[in-house]
Every structure is written in structure tokens, then in C-alpha cells.
Amino acid sequence: IKVVVRVRPMNSKENGLGCRSIVFAVNKIIKYLLLNLKQDNTKVFAYDSVFGDNSLQSIVYAKTAYTLVENVLQGYNGTIFAYGQTGCGKTHSMVGKLDV
């Protein structure tokens, strides 16, 4: 089992509201900058792989799913489980930017 995180880019609504990202990908580490009026807090988590908001879909696929898909085509079982709350970027992680 490997745990991979991909940070989705800000959407047009978030950009329109002037929101700032609080999630930063650095190598295999995700940093969540939790802003608090009384203090600045940074929470750091490590994963098997981390992809930032500007990562290319082809790179994410090559480094996470390619081997699994090749093995499935040879008859082995494989699963990619996309987990997260609504709006966190699961669809973006699986299919990339949608031109809607």
C-alpha cells in the first residue's frame, strides 16, 4: 500500500474570492499552514509521494498508476482508492483539469 497526496489548484471561485492556499507540497512532505489569529501553526505530514498543485497529470499517472494498470492488464488485481471530502480534488487527481 502506498499513500499519495496531490494538492489541487485553487478553483475559479476561490481565486475570485482572493483565497490563499494553506497546503504546500515539498518533496514527500505536505505542509498545512493553519492560520490562527493568535498564532501561526504549521502541521507537517509525510507520504510515499506528494504532488503539488502545478503537477502534470502525465507525471502523476506515471509515478502512481502506470505500474498498477500494467499489472491489471496482465491479470492481477489492483485498486486505486481516491479518498477525501467533497471538493478536495479527487476528480482532479484521477482525470486532471476538466475543460468545462
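Notes on the structure in this doc start here. This structure is a prediction, so every number in the text was calculated from the model and none was measured.

Here is what the cut-offs are and how they apply
- Residues numbered from 1 in each chain as written.
- Predicted model: local features only at pLDDT ≥ 70, side-chain atom pairs only at ≥ 80, totals over all residues.
- Heavy atoms only, no water.
- Helix = DSSP H or I, 4+ residues; strand = E, 2+ residues; numbered from the N terminus.
- Buried < 20%, exposed > 50% of the residue type's maximum accessible area, 1.4 Å probe, protein only.
- Polar contact = N/O pair within 3.5 Å; in protein donor to acceptor, adjacent residues only side chain to side chain.
- Contact = heavy atoms within 4.5 Å.
- Phe/Tyr/Trp six-rings, centres within 6.5 Å; stacked < 30°, edge-to-face > 60°.

Take the side chain of glutamate 14 next. Turning to its location among the elements, glutamate 14 is positioned in helix H1 (residues 12-16). For glutamate 14, a relative accessible area of 19% gives the class buried. One polar contact links glutamate 14 to arginine 8, side chain to side chain, over a distance of 2.8 Å. Each residue touching glutamate 14, except ones within four places of it in the same chain, is listed here: Arg8, Pro9 and Cys19.

Counted according to the given criterion, the structure contains two aromatic pairs. Considering the side-chain rings of tyrosine 61 and tyrosine 66, the 6.2 Å spacing of their centres and the 85° angle between planes classify their relative orientation as edge-to-face. Looking at tyrosine 61, the relative accessible area reads 38%, which means it is partly exposed. Given a relative accessible area of 41%, tyrosine 66 falls into the partly exposed group. Aromatic pair phenylalanine 81 and tyrosine 83: ring centres 6.2 Å apart, planes at 15°, arrangement stacked. In this pair, the class of phenylalanine 81 matches that of tyrosine 83, namely exposed.

The values are spatial; any link to function lies outside them.
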